[in-house]
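What follows is each chain in one-letter form.
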Amino acid sequence: MISRAYRVLDETTGACFRTSVFIDPEGIIRAKLTYPGNVGRNLPEHVRMLQAFEYAKQTGKGVPANWVPGQQGVSTDPSNIGNI
């Protein structure tokens with residue numbers, strides 16, 4: 001069962017958690033967002049996340065919190081930690 005494989009099955013109720021899984025073309029899970037059952041998904045955030053994955057892949061830069069397309073990314077060099 002797919003829901004069990006991705007660990008999004010509530011074994012108690014038999015229902016799936018409200019989860020979105022982002023898998024890249026190589027089959028790597030890049031993100032997994034699980035929302036409470038009484039809260040809907042934020043589709044604009046899903047789109048932003050997909051755009052951020054593409055930006056990071058194209059530029060090699062990280063994407064900070066609240067990043068939107070058109071903004072610059074950040075260096076992923078560990079020596080910059082605490083200096084940015």
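To be clear, the structure that these remarks concern was listed above.
Just so it is clear, the structure is predicted and the values come from calculations on it, not from any experiment. (Residues numbered from 1 in each chain as written. Predicted model: local features only at pLDDT ≥ 70, side-chain atom pairs only at ≥ 80, totals over all residues. Heavy atoms only, no water.)

A. Just a nonpolar patch on the surface, in detail. A cluster of nonpolar side chains, Ile2, Tyr6, Ile23 and Ile29, forms an exposed patch at the surface whose accessible area comes to about 380 Å². Residue position: Ile29 is located in strand E2 (residues 29-35). (Patch = residues over 30% accessible without salt bridge, like charges linked within 9 Å, V, L, I, M, F, W, Y side chains within 5 Å. Areas by Shrake-Rupley, 256 points an atom, 1.4 Å probe, with all protein chains shown as cover. Salt bridge = Lys/Arg side-chain N within 4 Å of Asp/Glu carboxyl O. Helix = DSSP H or I, 4+ residues; strand = E, 2+ residues; numbered from the N terminus.)

B. Broad picture of unusual backbone geometry. Residue Arg7 is not a glycine yet carries a positive backbone phi of 60°. The residue Arg7 is located in the loop between helix H1 (2-5) and strand E1 (18-23) in this model. At Asn66, a position not held by glycine, the phi torsion is positive, near 65°. Among the structural elements, Asn66 can be located in the segment after helix H2 (43-59).

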